[in-house]
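Structural description and commentary
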Amino acid sequence: MATDTHTARRPVLAVLPRVTGLLNRAVTIALLALLVFWLAVNFVQGPGQFGSVLLIGFTNGALYALIALGYTLVYGIIELINFAHGDVFMWGTMITVSIAGTRLGLDGSQSGIVTFFGVLAAMVGAMVFCGILNPTIERVALRRLRNAPRLAPLITTLGISYILSNAAQFFYGPNYTGVGAILPSNILFLDWPAKSLIVILATIPLLLALTYVVRRTRQGKAMRAVAQDMDAARMMGVDVDRTISFTFALAGILAGAGGTLYVLEITTTRYDLGQIGLLAFTAAVLGGIGNLTGATLGALIIGLIQAFNEGLSWHAPGEQWTTSIVFSILILILVFRPQGLLGQPEADRA
Amino acid sequence: MSAEAPPAPTANPPALLELDKVRTFYGRIEAVKGLSITVNEGEIVTLIGANGAGKSTTLRSIQGLTKPKAGTIRFAGKEIQNAPPHQIVQMGIAHSPEGRRLFPRMSVRENLEMGAFNRSDREGIEQDTEHVYSLFPRLSERRGQQAGTLSGGEQQMCSIGRALMSRPKLLLLDEPSMGLAPILVDKIFEIIQEINREGTTILLVEQNALIALGIASRGYVLETGRVTLSDRAEALATNDEVRKAYLGIS
């Protein structure tokens, strides 16, 4: 009897995954269609507004990419989420304000050349500062924990995050600090927010440089080797400690550059800005943590979602929903595609 | 081939590698318990023994991957037990480890390039790559393929070839026969002999004692982290205890 019901049930069970698979696909397609429809209506109602929202989305995306790459670089090499990374970025904004605002007094009234070199100096300063700060964190607080249980370094990065944030509050105060509108809001005859365009244009060479370093240089090769098999990399003569320091430095440099671009775009910053790191972290997971192209793609998607949600006028949920929407997406990814959009399934990675 | 090599180290062929009372731990477990072995220049020396006898740990200790707690390891006259692995590689020790440990998402060619990580002589690297391809023509056919997708035998070849790319004085080989078809095992061991004839000293760890003793000049038998026997290879191959325990011949 028992076996009878068992055999009778089997075909139903066999069909079940196919049905849920179809259902999944149908729901996904329906949601995407709805999204496209919503965007289309918004576009038709105000093409100009849609255009500038799109640009803001790409700008946000570029900024998030610079931060998300830091999460993904570090995760790729030691499988650790560095929760202090957002605060390293925040320090990049602070250093930018100190150099460009306080030290050089840039406020948009200077000539183009002075502004250009001033901004460049601020950017280099922030990149150097974060490029030193991040590997120092690794050296002081994480290296000793390399063979400890995973949770130990993770909690340490949370602690460092608070330390960095409180230090910023100590040096820069609890209120917003910032600079004037350094960059013009339009160039030539274009009525577009020029500073957003500049942020995007400045990000591209940084991403190309990163790609070159990882793909072509000796250090990049060492990074890839350590990421794939740390012990085997040691056997090849790779100095693993140095390679990890280098990776943290790269992550810090990108965060520093991101800090400067953020200040140019938004003009103000505060000690708790590091929370933006959570959005960037979500972007890294969305793209597939450990995957550089994935982090950039994920960041663009998150940036666009945020801009559409906050900037479009026809049935957009609005700013107060941004975080909820982004984290809902994070949960959906973790459930349905844990490896992210471009990541390999866990089994292939080892 | 130095089949007539003396059973114990003498002053004549200089000792390339000397382990003196080395003790290595994994956590609290002592895997190597006061091991002393010598490898002379130009030799093939084999460590045989059952699973868990401490053979791989010995190789990892030499390479600096698992630091010994006590004892000394001398390579070419210098103490290396405290040196980091990347320096030990630069001194001239290369390792084809247990489980091959290729970089799975790099091509065969990139894996070989990783073997030459600390070298900057492009022409020399190019020559050595071609040399590895001539030793293992199969690798040449697969040079663009991702290492993770190679067959077991090809991975073994790639691992040995990669170790050769640093132009080592001493090559550590861990279980090159593992998981390979018998025909392939013979072939790999022929190539190991050829590598030795070209001047590379070899320390070979094997569970397949018969074939290891067949190409080695001397051997050590390890049991639970200690050397229980050491002799010329052909003497070990005819030793009753060894035959019973490791050759499956009674």
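All values reported here derive from a predicted model rather than from experimental measurement. (Residues numbered from 1 in each chain as written. Chains lettered and ligands numbered in written order. Predicted model: local features only at pLDDT ≥ 70, side-chain atom pairs only at ≥ 80, totals over all residues. Heavy atoms only, no water.)

Taken as a whole, this structure holds eleven aromatic pairs over all chains when the rule is applied. With centroids separated by 6.3 Å and ring planes inclined at 80°, the aromatic side chains of Phe37 of chain A and Trp314 of chain A adopt a geometry described as edge-to-face. Highlighted residues: Phe37 of chain A in helix H1 (residues 2-45) and Trp314 of chain A in the loop between helix H11 (292-311) and helix H12 (322-336), separated in sequence by 277 residues. Each member of the aromatic cluster is reached from another via a ring pair, and the members are Trp91, Phe129, Phe170, Phe171 and Tyr172 of chain A. The residue whose ring lies beneath Arg218 of chain A is Phe117 of chain B, and the NZ or CZ to ring-centre distance is 4.2 Å. Seen from the ring of Phe25 of chain B, Lys69 of chain B lies directly overhead, with NZ or CZ sitting 4.5 Å from the centre. (Phe/Tyr/Trp six-rings, centres within 6.5 Å; stacked < 30°, edge-to-face > 60°. Helix = DSSP H or I, 4+ residues; strand = E, 2+ residues; numbered from the N terminus. Lys NZ or Arg CZ within 6 Å of the ring centre and 35° of its normal.)

Here we take up the pattern of salt bridges. Residue and element names in this part refer to chain A. Under the defined criterion, the tally for this structure stands at 23 salt bridges over all chains. The shortest N-O distance in the salt bridge between Glu138 and Arg146 comes to 2.7 Å. Its relative accessible area of 24% is what places Arg146 among the partly exposed residues. For Asp241, the salt bridge is made with Arg146, and the minimal N-O distance between the two is 2.5 Å. Of the two residues, Asp241 is situated in helix H9 (residues 240-266) and Arg146 in the loop between helix H4 (112-142) and helix H5 (151-172); the sequence distance between them amounts to 95 residues. Asp241 gets classed as partly exposed once you look at its relative accessible area, which sits at 29%. Connected via shared salt-bridge partners are Glu138, Arg143, Arg146 and Asp241. (Salt bridge = Lys/Arg side-chain N within 4 Å of Asp/Glu carboxyl O. Buried < 20%, exposed > 50% of the residue type's maximum accessible area, 1.4 Å probe, protein only.)

Residue and element names in this part refer to chain B. Judged by pairing direction, the sheet is mixed, and its six strands sit side by side in the order S6-S7-S8-S3-S9-S10 without closing on themselves. One side of each edge strand has no neighbouring strand; the edge strands of this open sheet are strand S6 (93-96) and strand S10 (226-232). Between one strand axis and the next, the sheet turns through 15° on average, direction left out of account. As paired elements, strand S3 (residues 44-49) and strand S9 (residues 218-223) share five bridges and run parallel to each other. The residue of S9 that forms the bridge with Leu47 is Tyr220. The sheet strands contacting helix H6 (residues 152-164) are S6 and strand S7 (170-174), and the helix crosses S6 at an angle near 170°. (Pairing = 2+ DSSP bridges. Axes fitted to C-alpha atoms, helices over the stretch in contact; angles between N-to-C directions. Contact = heavy atoms within 4.5 Å.)

A separate point is the interface of chain B and chain A. Interface size is often expressed as the accessible area that is lost when the parts come together. Contacts between the two partners involve 21 residues from chain B and, on the opposite side, 20 residues from chain A. For the pairing of chain B and chain A, the buried interface totals around 2,100 Å² over both sides, and the portion due to carbon and sulfur atoms is 57%. The tally of links from chain B across to chain A stands at four salt bridges. Two residues, Arg224 of chain A and Glu110 of chain B, come together in a salt bridge whose shortest N-O distance is 3.2 Å. Put simply, chain B and chain A have seven residue pairs in polar contact (both at pLDDT 80 or more) between them. Elements supplying a minimum of two residues to the side of chain B that touches chain A: helix H1 (55-63), helix H2 (85-91) and helix H3 (108-115) of chain B. (Buried area = accessible area lost by both parts, 1.4 Å probe. Polar contact = N/O pair within 3.5 Å; in protein donor to acceptor, adjacent residues only side chain to side chain.)

It is worth spelling out the pairing of strand S8 (residues 201-206) of chain B at this point. Residue and element names in this part refer to chain B. Burial of S8 is extensive: six of the six residues sit out of reach of the surface. Burial along S8 is two-sided: the face carrying Thr201, Leu203 and Val205 and the face carrying Ile202, Leu204 and Glu206 are both buried. Of the strand pairs in this sheet, S3 and S8 are connected by five bridges, and their pairing is parallel. Residue pairing for S8: Ile48 is matched across the bridge by Glu206. Pairing of S7 with S8, which is carried by five bridges, proceeds in the parallel orientation. What sits directly across from Leu171, in S8, is Ile202. Crossover handedness for the path S7 to helix H7 (residues 182-197) to S8: right-handed. (Right-handed = clockwise from strand over helix to strand, strands pointing away.)

As a further point, take the nonpolar core. Within the largest apolar cluster, 90 residues are counted, with the highest numbers of intra-cluster contacts made by Trp91, Leu164, Ile182 and Val238 of chain A together with Phe103 and Met114 of chain B. Excluding residues that lie within four positions of it along the chain, Val238 of chain A makes contacts with Ala222, Val226, Ala233 and Thr243 of chain A together with His86, Met114 and Phe117 of chain B. By size, the runner-up hydrophobic cluster in this structure holds 43 residues, among which are Leu102, Val132, Ile215 and Ala216 of chain B. (Core = buried A, V, L, I, M, F, W, Y, C linked by side-chain atoms within 4.5 Å.)

All right, on to the pairing of S6 of chain B then. Residue and element names in this part refer to chain B. Residues of S6 alternate between two faces, with Ile93 and His95 on one and Ala94 and Ser96 on the opposite face, all of them buried. Relative to S7, S6 runs parallel, the two sharing four bridges. Looking at the pairing, His95 lines up with Leu172 of S7.

A few words now on the side chain of Gln306 of chain A. Inspection of the secondary structure puts Gln306 of chain A in helix H11. If we ignore the near neighbours within four places in the chain, the residues touching Gln306 of chain A are Asn60, Tyr64 and Thr322 of chain A.

So, about the packing of H4 of chain A against H9 of chain A. Residues and elements named next belong to chain A. Two elements in contact, H4 and H9, have axes whose closest approach is 7 Å; the angle formed by their N-to-C orientations is 140°. As far as their axial angle goes, H9 and H4 are oblique. Between H4 and H9 the crossing geometry is right-handed. Where H4 approaches H9, its residues Val119, Ala122, Met123, Ala126, Met127, Cys130, Gly131, Asn134, Pro135, Glu138 and Leu142 are matched on the opposing element by Ile244, Ser245, Phe248, Ala249, Ala251, Gly252, Ile253, Gly256, Ala257, Thr260, Leu261 and Leu264. Looking at the contact of H4 with H9 residue by residue, the classes come out as 16 nonpolar, six polar and one charged. (Parallel < 35°, antiparallel > 145°, perpendicular 65-115°, else oblique. Left-handed = near helix turned anticlockwise from the far one by under 90°. Nonpolar A, V, L, I, M, F, W, Y, C, P; charged D, E, K, R; others polar.)

It is worth spelling out the side chain of Glu154 of chain B at this point. Residue and element names in this part refer to chain B. With respect to the helices and strands, the residue Glu154 is situated in helix H6. Of the polar contacts made by the side chain of Glu154, one reaches the backbone nitrogen of Ser151; its length is 2.9 Å. Leaving out residues up to four positions away in the same chain, Glu154 has contacts with Arg138, Leu139 and Arg142.

A word on the confidence of the model for chain B. Residues and elements named next belong to chain B. Across chain B, the average pLDDT comes to 91, with 93% of residues at or above 70. Of all helices and strands in chain B, the one with the weakest mean pLDDT is helix H10 (residues 240-246) (81), whereas S7 scores best (97). As scored by the predictor, the complex reaches a pTM of 0.88 and an ipTM of 0.89. (pLDDT = per-residue confidence, 0-100.)

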